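Architecture at a glance
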Amino acid sequence: MIAISTAWIPEDGWPIEKVFTALDVLEPEAIELNYRVHPLDIEGVRRQAERRGIVITSLHNICSANPDTLRHDDRYGDMIASLDENTRRLGVRYLRETAEAARALGARAVVIHSGSVEALKQSPTYSHSMRRATQANDPSIVAVHLPDLIRERARLAPQHFNQLISSLREVCPDFPDLRFGLEIRYHFYSLPDFDELDMIFREADCANLGYWHDCGHAQVQENLGIRRHEDWLKRYQNRLVGVHLHGMENLLLDHQAPREGNMDFAMISRYVRADTVLVIEASPSNSAAAMLAGKRYLETVFRNGTGATK
C-alpha cells in the first residue's frame, strides 16, 4: 500500500470532506495527514476514511486537534530542538498532540522534524546561493560555500542535541503502539546529519524511535556532495520506519510526482520491508494525472522489488 500525503492539497484549512474529495481522483488506499489539515477534525477523518475504506498510515508532526494557529515558519515542529525552553516545551506539546491524534486514528507512525541549528537557518550566503543554484540547476553554486558552513554547523549543533533528546524522551515512551520516524532533511542546517542520527538513537534510547527516509532530501544531499543517497538506507535500514517518495525536476528541486527516471526508486525498494510505511509526498504543483500515473508506477516498482506492496 502506497499512501498519499495531504501535502498535495493546495491550501490549508479545507473542511476534511473537501480534502478527501480532492484526493479521490488519486484512488488512495491510504493517506498521510500533515499540517495542511491542522487543526484536525478527528471524527471527520474517521468518517471519511471509513466510508472510502482508506487507511490512515501516518501523521506528519504538526497535525492534531489543537485549534491553535501554527507559526508559518515552524509548521513542521522543528521547535522540539529549540534553545529557548518555552519554545521547546510548546514543541513537545504539539508532538504529543500529534501522537494522540495518530493513536485515535489507528495510524502506525508519526514523522518528526528534528529541528535545526537556528543560528545558521537565516544564513544569507546559503539562501542566496541556493536560490541561484536552483534556478540554474547547478549545485556547485552552493557546494563551494558548504565546507565553511558545515564546519560552523558542527560547532553549534551540539547545544541543540540535549533539547531534542529531552523532547523525544518526554513523548515517545508514552506511545509504545506508535513508531516515530526522524526524517532526513533538505538543508544543511537541519538536524540530524548522517552521524548525528546514530547518536540521537543511542542517547534518546527509545525503542519505538526510528528513521524516516525522504528520498528527495537524500538525493539533494548527494547532488550537493554532502552524502551519497544510498548511504542513509544502508546504515539505517534496520531502523527504517517509512519513506517519503517523490521525484526530482532538476538536481535541487524535489517533491515532484514520481515517474520513471526522476528518482532511483528501484534502489530504494531494496531497503524497504513489509512494515515500512510508503508515502508519496508531492507538492500541489503536480497535476492529478501525473500523481495518479506516479502512484501506479511506484506500485509496480515496489511490487517487483523487495518492498512493502508485496
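Right, let's walk through the structure included here. Every chain's residues receive numbers from 1 upward, in the order its sequence appears when written. Where local features are concerned, this predicted model is filtered to residues with pLDDT of at least 70; where side-chain atom pairs are given and counted, the filter is 80 or more; whole-chain, interface and lining totals use all residues. Hydrogens and waters are ignored; side-chain quantities use all the structure's heavy atoms.

Focus: helix α8 (residues 194–204)
- Phe 194, Glu 196, Leu 197, Met 199, Ile 200, Phe 201 and Ala 204 are the residues of α8 that are buried.
- Any two residues having at least one pair of non-hydrogen atoms within 4.5 Å are treated as being in contact. Secondary structure elements are defined from DSSP: runs of H or I of at least 4 residues count as helices, runs of E of at least 2 residues count as strands, and each element is numbered from the N terminus. In this fold, the buried residues of α8 make contact with α6 (146–156), α7 (158–171), β5 (179–183), β6 (209–214) and α10 (229–236).
- Pairs of N or O atoms within 3.5 Å make up the polar contacts considered here, provided that, within protein, one atom can donate a hydrogen while the other can accept it, and that residues adjacent in sequence are counted only when both atoms are side-chain atoms. The N-cap residue of α8 is Asp 193: its side-chain oxygen and the backbone nitrogen of Asp 195 are 3.2 Å apart.
- At the C-terminal side of α8, Asp 205 shows a positive phi close to 55°. Partly exposed residues are those whose accessible area sits between 20% and 50% of the maximum for their type, while under 20% is buried and over 50% is exposed, using a 1.4 Å probe and protein chains only.

Focus on the sheet that holds strand β2 (residues 30–33)
- Ordered in space as β1-β2-β3-β4-β5-β6-β7-β8, the eight strands form a closed barrel in which the pairing is parallel. Sheet twist, expressed as the average angle between the axes of neighbouring strands with direction ignored, equals 30°.
- Each axis is a line fitted through C-alpha atoms, and for a helix only the stretch in contact is used; angles between axes span 0 to 180 degrees, taken between their N-to-C directions. Relative to the sheet, helix α3 (residues 85–104) contacts β3 (55–60), β4 (109–112) and β5, its axis offset from that of β4 by approximately 155°. When DSSP finds two or more bridges between two strands, those strands count as paired.

So, the pattern of salt bridges
- In the sections that follow, a salt bridge refers to a side-chain nitrogen of Lys or Arg positioned within 4 Å of a carboxyl oxygen of Asp or Glu. Applying the stated criterion to the full structure yields 27 salt bridges.
- Between Arg 89 and Glu 85 there is a salt bridge; the shortest N-O distance is 3.3 Å. Within this pair, Arg 89 and its partner Glu 85 are both found in helix α3, separated by four residues, close to a single helical turn.
- We classify Glu 85 as partly exposed; its relative accessible area is 29%.
- One continuous salt-bridge network, built from bridges that share partners, spans Arg 227, Arg 228, Glu 230, Asp 231 and Arg 270.

A short note on the pairing of strand β7 (residues 240–245)
- With six of six residues buried, β7 is to be regarded as a mostly interior element.
- Across four bridges, the pairing between β7 and strand β8 (residues 277–280) is parallel. Of the residues in β8, the one forming a bridge with His 244 is Val 279.

Quick look at the nonpolar core
- Joining through side-chain atoms within 4.5 Å is the link that ties buried Ala, Val, Leu, Ile, Met, Phe, Trp, Tyr and Cys residues into a set, and such a set is a nonpolar core. Core analysis: the largest hydrophobic core is formed by 94 residues, its most contacted members being Leu 33, Leu 40, Ile 56, Leu 59, Phe 180 and Ile 268.
- By residue number, the principal contributor to this core is α8, which donates six residues.
- Dropping the residues within four chain positions of it, Leu 33 is found in contact with Thr 6, Leu 40, Val 45, Ile 56, Ser 58, Leu 59, His 60, Cys 63 and Leu 105.
- Core analysis: the next-biggest nonpolar cluster, separate from the first, contains eight residues, Ala 3, Ala 109, Val 111 and Val 279 among them.

Here's the deal with helix α9 (residues 215–223)
- Most of α9 sits inside the fold, with seven of its nine residues counted as buried.
- In this structure, the buried side of α9 is in contact with β5, β6, α10, β7 and α11 (265–269).
- For α9, the N-terminal capping position is held by Asp 214, with its side-chain oxygen 3.1 Å away from the main-chain nitrogen of Gly 216.
- The first or second residue beyond α9 is Gly 225, which carries a positive phi of 80°.

Examining unusual backbone geometry
- Along the chain, His 38 connects to Pro 39 via a cis peptide bond; the corresponding omega equals 0°.
- Among the secondary structure elements, Pro 39 is positioned in the loop between β2 and α2 (42–52).
- A cis amide bond links Asn 61 with the next residue in sequence, Ile 62, at an omega value of 5°.
- Even without glycine at this site, His 255 takes up a positive phi of about 60°.
- Following the sequence through the fold, His 255 ends up in the loop between β7 and α11.

Quick notes on the packing of α7 against α8
- Running from amino to carboxyl end, α7 crosses α8 at an angle of 50°, the nearest separation of the two axes being 10 Å. The angle between the axes of α7 and α8 places the two elements in the oblique class. In this structure, α7 crosses over α8, and the sense of that crossing is right-handed. In this structure, α7 uses Phe 161, Leu 164, Ile 165, Leu 168 and Arg 169 to contact α8, whose residues at the interface are Glu 196, Met 199, Ile 200, Glu 203 and Ala 204.
- Tallied by class, the residues present in the contact of α7 with α8 amount to seven nonpolar, no polar and three charged. Throughout this description, any angle smaller than 35 degrees is read as roughly parallel, any larger than 145 degrees as roughly antiparallel, any in the 65 to 115 degree range as roughly perpendicular, and the remainder as oblique. The sense of a crossing depends on the near helix, which, turned anticlockwise from the far helix by less than a right angle, makes the crossing left-handed and, turned clockwise, makes it right-handed. By the convention adopted, Pro, Cys, Tyr, Trp, Phe, Met, Ile, Leu, Val and Ala count as nonpolar, Lys, Arg, Asp and Glu as charged, and the other residues, Gly among them, as polar.

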